[in-house]
Amino acid sequence: MDNVIATGLIGISLGSQYALLALGFTLIFGILGVVNFAHGGFYVMGGYVAYYCSVVLGLPFPVAVLAAAIATAALGWLFETIILERVIEDHQATLMVTMGFYLVMATAILLLFGPESPEFSFPITGVWRAGGAYVPYANMVVIGVCLAAIVSVYWLIYRSGIGRAMRAMAEDRAVASALGMRTRALFPFAFALATGLAGLTGALVTPILALAPHVGDPVLAFSFLTVILGGLGSVAGATVAAFIVGMVEAYAAVYLGGSKGALALFVLVLLILVVRPQGLLGREVRRA
């Protein structure tokens, strides 16, 4: 029973990480209509910015995490404004541009820091013991920060004026523009918010898992899987799906093993999509 509880807490930790990544991914798709293949690159960049600030410059870890989120958000803003905005209406071009930018980011990190994983560890060690359950303090910190960030994003989207404008853009871009909403400002803001969330997640998680130039590949795959499962463009669906994926991954890894656990996850996703092709909370598209 204690092992079940501990595994569940690890699943919540994974789910909160995936939720931050999926929220950013689905924001970009819902508002800009862009599948951002560079999302994993911003995750990796967040990890390396936090590493450089914390280990090389000697800054406190919370400051390093904040710097990572700001740096990735700023780069996302510049990328959307200077490059992506020029091809925003061409879906094939956006796929190529975001994929190319991811390759540029990964190559730049490889040249600057080398192919080896740097020595970067979470500053808080030890485990929390409750009966026979053991949960690392690092995972508890990640859960707390990620949940606080998720709540803040939900408040921004559903309670603020700029959030209402972003939702209006996601619903009908032409009508929202006709009503005077400034796409030139909203698009970069949404992209910066999404990439900042990816950078924040990378800064928090890579000291626990691993930091290397290409650790963004599985991150992109899980983000895409989560968003599809939740329903493309659905913020609530992405959040629910992220915690489902995290829990399934944790329990499957413990009780089935790594490769079987991944297989169980994909089988579950396929079964859900057979029943609901539009995803858990996605809206069904009606054809005339």
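Provided above is the structure to which this section pertains.
Since the model is a prediction, treat every value here as computed from it, not as a measurement.

On to the overall build of the protein. Looking only at helices and strands, the protein features 11 helices and two strands. Ordered by position from the N terminus, the helices and strands of the protein form the series α-α-α-α-β-β-α-α-α-α-α-α-α. Radius of gyration (C-alpha) of the protein: 19 Å, near the 19 Å computed for a compact globule of 288 residues. For the protein, the spread of C-alpha atoms along the principal axes amounts to about 60 × 50 × 35 Å. For the protein, with 288 residues in total, the buried portion stands at 48%. Here the protein has roughly 13800 Å² of accessible surface; of this, 69% comes from carbon and sulfur atoms. Averaged over its 13 positive side-chain charges, the protein has a centre that lies 11 Å from the centre of its 12 negative ones.

The next point concerns the nonpolar core. Proteins that are soluble and globular tend to have nonpolar side chains buried together. If you look at the biggest cluster of nonpolar residues, it comprises 74 residues, and the most contacted ones within it are I31 and L32. The leading source of residues in this core is helix α8 (residues 183-205), at 12 residues. Beyond its immediate stretch of four places on either side in the chain, I31 contacts M166, M169, A170, R173, F187 and A190. A22, V35, L220 and A238 belong to the second-largest nonpolar core, a separate cluster that totals six residues.

A separate point is the packing of helix α9 (residues 216-230) against helix α10 (residues 235-255). Where α9 contacts α10, the two axes come as close as 8 Å, and the packing angle between them is 120°. As judged from the angle between their axes, α9 and α10 are oblique. In this structure, α9 meets α10 at a crossing whose hand is right-handed. Where α9 approaches α10, its residues F222, T226, L229 and G230 are matched on the opposing element by G237, A238, A241, A242, V245 and E249. Residues that form the contact of α9 with α10 fall into these classes: six nonpolar, three polar and one charged.

Once that is clear, we can look at the packing of aromatic side chains. Geometrically, a pair of aromatic rings is defined through the distance of the ring centres and the angle of the planes. Evaluated as defined, the whole model comprises 13 aromatic pairs. Pairing Y18 with F222 gives two aromatic rings, centres 5.2 Å apart and planes at 5°, and the pair type is stacked. Placement of Y18 in helix α1 (residues 2-32) and of F222 in helix α9 is noted, with a sequence separation of 204 residues between them. By relative accessible area, which is 21% here, F222 ends up partly exposed. Here a set of aromatic residues connected by ring pairs shows up, and it is made of Y48, Y51, F61, F113, F120 and F122.

Rules used throughout
- Every chain is numbered on its own, with residues counted from 1 as its sequence reads.
- Selection of residues for local features in this predicted model requires a pLDDT of at least 70, selection of side-chain atom pairs for listing and counting requires 80 or more, and totals for whole chains, interfaces and linings are taken over all residues.
- Processing note: side-chain calculations cover all non-hydrogen atoms of the structure and skip hydrogens and water entirely.
- Secondary structure elements are defined from DSSP: runs of H or I of at least 4 residues count as helices, runs of E of at least 2 residues count as strands, and each element is numbered from the N terminus.
- Radius of gyration means the value over C-alpha atoms here, while the globule rule gives 2.2 Å times the residue count to the 0.38 power.
- Each residue's exposure class comes from its accessible area (1.4 Å probe, protein chains only) as a fraction of the maximum for that residue type: buried when under 20%, exposed when over 50%, partly exposed otherwise.
- In short, Shrake-Rupley with a 1.4 Å probe defines the accessible areas, and a residue's cover is counted only from the protein chains shown.
- By the counting scheme adopted, Arg and Lys are positive, Glu and Asp are negative, and His together with the chain ends is not counted.
- Think of each charge as sitting on NZ of Lys, CZ of Arg, CG of Asp or CD of Glu.
- The term nonpolar core refers to a set of buried residues drawn from Ala, Val, Leu, Ile, Met, Phe, Trp, Tyr and Cys, joined through side-chain atoms within 4.5 Å.
- By the convention used here, residues are in contact when the closest approach between their heavy atoms is within 4.5 Å.
- Between the N-to-C directions of two axes lies an angle of 0 to 180 degrees, each axis being a line fitted to C-alpha atoms and, for a helix, fitted only over the stretch in contact.
- Oblique is the label for any angle not covered by the other classes, which are roughly parallel (under 35 degrees), roughly antiparallel (over 145) and roughly perpendicular (65 to 115).
- The sense of a crossing depends on the near helix, which, turned anticlockwise from the far helix by less than a right angle, makes the crossing left-handed and, turned clockwise, makes it right-handed.
- Gly is put with the polar residues, along with every residue not named as nonpolar or charged; the nonpolar set is Ala, Val, Leu, Ile, Met, Phe, Trp, Tyr, Cys and Pro, and the charged set is Asp, Glu, Lys and Arg.
- In this analysis, rings of Phe, Tyr and Trp, with Trp reduced to its six-membered ring, are considered paired at centre separations within 6.5 Å, and the interplanar angle assigns stacked below 30 degrees, edge-to-face beyond 60, and tilted for intermediate values.

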